[in-house]
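# Commentary on secondary and tertiary structure
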Amino acid sequence: MNTIRHTPAPSRHLLSALCAASLLLLAACGKADEGASAQASQVAAKVGSNEISVHQINQVLSRTPVNANSKEAVQAASRQALERLIDQQLAVDQATEQKLHRSPDVVAQLEAARREVLARAYLQQVTSAAPKPTPEEIRKYYQDNPALFSERRVFNLQELRISNATPVMDTLQTMAKEGRRMEDVVAMLRERGVAFTGGSATRSAEQVPLDLLPRLHALQDGQSLVVPVGDNATVIRVVASRSMPVGEDQASAGIAQYLGNRTAVEVMNNEIKRLRAATTVTYVGEFEQAAAAPGETAATAPASVTEDPKKEESNVLERGIQGLK
C-alpha cells in the first residue's frame with residue numbers, strides 16, 4: 001500500500017443567520033397561554049403527532065434570501081417555510097410508514113448528509129475566527145483593480161472557441177495583432193479544416209475571469225486577443241465597450257464580502273493541509289495505483305467569456321457589485 005498526502009480545495013457553504021426571525025415568528029403565532037410551557041411556545045404547527053418548531057423554520061430562513069429589515073417580508077418567508085416543512089413532514093411520515101428509512105440507498109444518503117453537515121459545521125467554526133478585511137485592505141483592493149472599479153467597462157464581445165488549435169496558433173496570434181475581423185479568422189479556420197464554435201455576449205468587467213480581465217481591459221474597441229488553453233485556444237474580440245465606473249463607496253461592501261470569502265477559503269485550505277499532515281491517509285487497491293501515478297492533466301475546453309457561467313461559480317464580487325446598480 002502507498003501512503004500519499006495531498007490537499008484538495010474543500011467546498012464552502014457559509015450560511016447567514018436572520019436574528020429577528022424567531023421573534024417575528026413567535027409574534028405571528030400569537031400569545032401562548034400563561035400556563036403553557038416554554039417548549040410549547042416554540043411549536044409552529046403539528047402534523048399528526050409530529051411537531052414543527054420555530055427552530056426548524058429559522059433553519060430554513062437562514063438559507064433563504066430575506067430582507068431582515070422588513071417585518072412583513074420575514075413573516076411571509078416564515079409562513080412559506082412552515083408550509084414547506086409541513087409538506088416535507090407529510091412525505092417523511094409516508095416514507096417512515098413504508099420503512100424507506102431502512103433502505104440501503106437511503107441509509108447511505110443519510111450518512112453522507114450527516115458527514116456533510118458535520119464537516120461543514122467544523123469548517124464554519126474554523127473560518128468564524130478568520131480576520132475581517134480592514135478598511136485599508138478594502139481601499140487597496142479598489143485602487144489595485146481599476147478595471148473592476150474606477151475604469152470599469154461593459155464589453156460587447158465576440159469569441160471563437162477552437163479545439164486542437166496548435167497548427168494555427170501562430171496565425172491566430174498574427175491575425176489578432178493585425179486587428180483582423182472575426183470573419184477573416186473564420187475563413188482561415190474553414191480553409192484549414194479546423195473545428196471551432198462561436199458566440200457573442202455583453203459582459204461587464206466583473207463577469208470576466210479575473211486572470212483575463214487585465215488583458216481584455218487593455219484592448220480598444222475592434223481589437224482582439226488569443227487565449228491559449230493547452231492545445232485549444234479562444235479568440236476574443238471587443239466589438240464595442242462603454243465606461244461604467246463604480247465608486248469606492250459603492251464597491252466597498254462587495255469588496256469586503258469578496259475579501260472575507262477569499263480569506264475563509266485560505267483558512268479552510270490551511271486547516272485541511274494541517275489535518276492531512278497530522279493524519280496518515282492510505283490508499284488501497286486501484287486507488288493506491290492511481291495515487292502513486294504521476295498526475296494526469298485532464299483535457300481543458302477552450303476558455304469562454306460569452307457562455308453563461310454556472311451558478312455555483314458566480315463571482316462573489318460580481319454579486320456585490322450587481323446589487324449596487
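Here we summarise the structure given alongside this text. (Residues numbered from 1 in each chain as written. Predicted model: local features only at pLDDT ≥ 70, side-chain atom pairs only at ≥ 80, totals over all residues. Heavy atoms only, no water.)

### Regarding the overall build of the chain
Here is the rule we go by: Each helix corresponds to a stretch of at least 4 residues labelled H or I by DSSP, and each strand to a stretch of at least 2 residues labelled E; elements are numbered beginning at the N terminus. Exposure classes here rest on a 1.4 Å probe applied to the protein chains alone. A residue is buried below 20% of its type maximum, exposed above 50%, and partly exposed in between. Whether two residues touch is decided by their heavy atoms; if any such pair falls within 4.5 Å, the residues are in contact. Only the protein chains shown count as covering a residue, and every accessible area follows the Shrake-Rupley method with a 1.4 Å probe.
Within the chain, the secondary structure is distributed over 11 helices and eight strands. Burial analysis of the chain (325 residues in total) assigns 31% to the buried set. Across the chain, the fraction of contacts at a sequence separation of at least 24, relative to all contacts at a separation of at least 6, is 78%. When the accessible surface of the chain is split by element, carbon and sulfur atoms take 51% of a total near 20,500 Å².

### Considering helix H7 (residues 182-191)
Note the following rule: Arc, as used here, means the arc of the directions from the helix axis to the C-beta atoms.
Here H7 has its buried residues at Met182, Val185, Val186, Met188 and Leu189. Along the long axis of H7, the arc covered by the buried residues comes to 160°, so they all point the same way. For H7, the exposed residues set more than 90 degrees away from the buried face come down to Arg190 and Glu191. Where H7 is buried, its residues meet strand E4 (153-162), helix H6 (169-177), strand E5 (196-204) and strand E7 (232-243). The positive-phi residue at the C-terminal boundary of H7 is Gly193, with phi of around 70°.

### Some thoughts on the pairing of E4
Note the following rule: What makes two strands pair is DSSP finding at least two bridges between them.
A large share of E4 lies buried, amounting to eight of its 10 residues. Of the pairings in the sheet, the one linking E4 to E7 comprises 10 bridges and is antiparallel in character. The residue bridging Glu159 from the neighbouring strand is Ile236, located in E7. Two strands pair when backbone bridges link them, and E4 and E5 are joined in this way by nine bridges, in the antiparallel orientation. Its bridge partner being in E5, Leu160 is matched across the sheet by Gly198.

### Some points on the sheet that holds E7
The test is simple: Axis definition: a line fit to C-alpha positions, over the contact stretch in the case of helices; interaxial angles, taken between N-to-C directions, run 0 to 180 degrees.
Across the sheet, which stays open at both edges, the four strands sit in the order E5-E4-E7-E6 with antiparallel pairing between neighbours. The open sheet has two free edges, formed respectively by E5 and strand E6 (224-229), since each of these has just one partner strand. Pairs of neighbouring strands in the sheet enclose a mean axial angle of 20°, with direction left out of account. Packing against the sheet, H6 makes contact with E4, E6 and E7, and its axis sits at approximately 155° to E6. This element, H7, spans E4, E5 and E7 of the sheet and lies at about 10° to E4.

### Quick word on the pattern of salt bridges
Pairing is possible between side chains of opposite charge, provided their charged atoms come close. Selection criterion: Every case where a carboxyl oxygen of Asp or Glu lies within 4 Å of a side-chain nitrogen of Lys or Arg is listed as a salt bridge.
All told, the structure shown has 11 salt bridges when counted by the stated rule. The salt bridge involving Arg120 is made with Glu116; its shortest N-O contact spans 3.6 Å. Taken as a pair, Arg120 and Glu116 lie in helix H4 (residues 104-127) at a separation of four residues, close to a single helical turn. Note on Arg120: relative accessible area 26%, which makes it partly exposed. Judged by its relative accessible area of 33%, Glu116 is partly exposed. The closest approach of N and O atoms between Arg139 and Glu248, which form a salt bridge, is 3.3 Å. Placement of the pair is Arg139 in helix H5 (residues 135-144) and Glu248 in helix H9 (residues 248-278), with a sequence separation of 109 residues. Here the residues in one salt-bridge network are Glu178, Arg180, Arg181 and Asp184, joined through shared partners.

### Examining the environment of Arg203
Along the chain, the position of Arg203 falls in strand E5. Accessibility expressed as a relative area gives 9% for Arg203, which makes it buried.

### Digging into the nonpolar core
Looking at soluble globular proteins, one finds that nonpolar side chains tend to be buried together. Put simply, the rule is: Buried Ala, Val, Leu, Ile, Met, Phe, Trp, Tyr and Cys residues that are joined via side-chain atoms within 4.5 Å together make up what is termed a nonpolar core.
Counting 24 residues, the largest nonpolar core has Tyr141, Phe149, Leu213, Leu216, Leu225, Ile236 and Ile255 as its most contacted members. Residue assignment for this core shows that the elements contributing at least two residues are H5, E4, helix H8 (213-217), E6, E7 and H9. A total of four residues in this core trace back to one element, the largest contributor, which is H9. Each residue touching Leu216, except ones within four places of it in the same chain, is listed here: Arg153, Phe155, Leu157, Val208, Leu225, Ile236 and Val238. The next biggest cluster of nonpolar side chains, apart from the first, holds 17 residues, and it includes Met169, Val185, Val194 and Val226.

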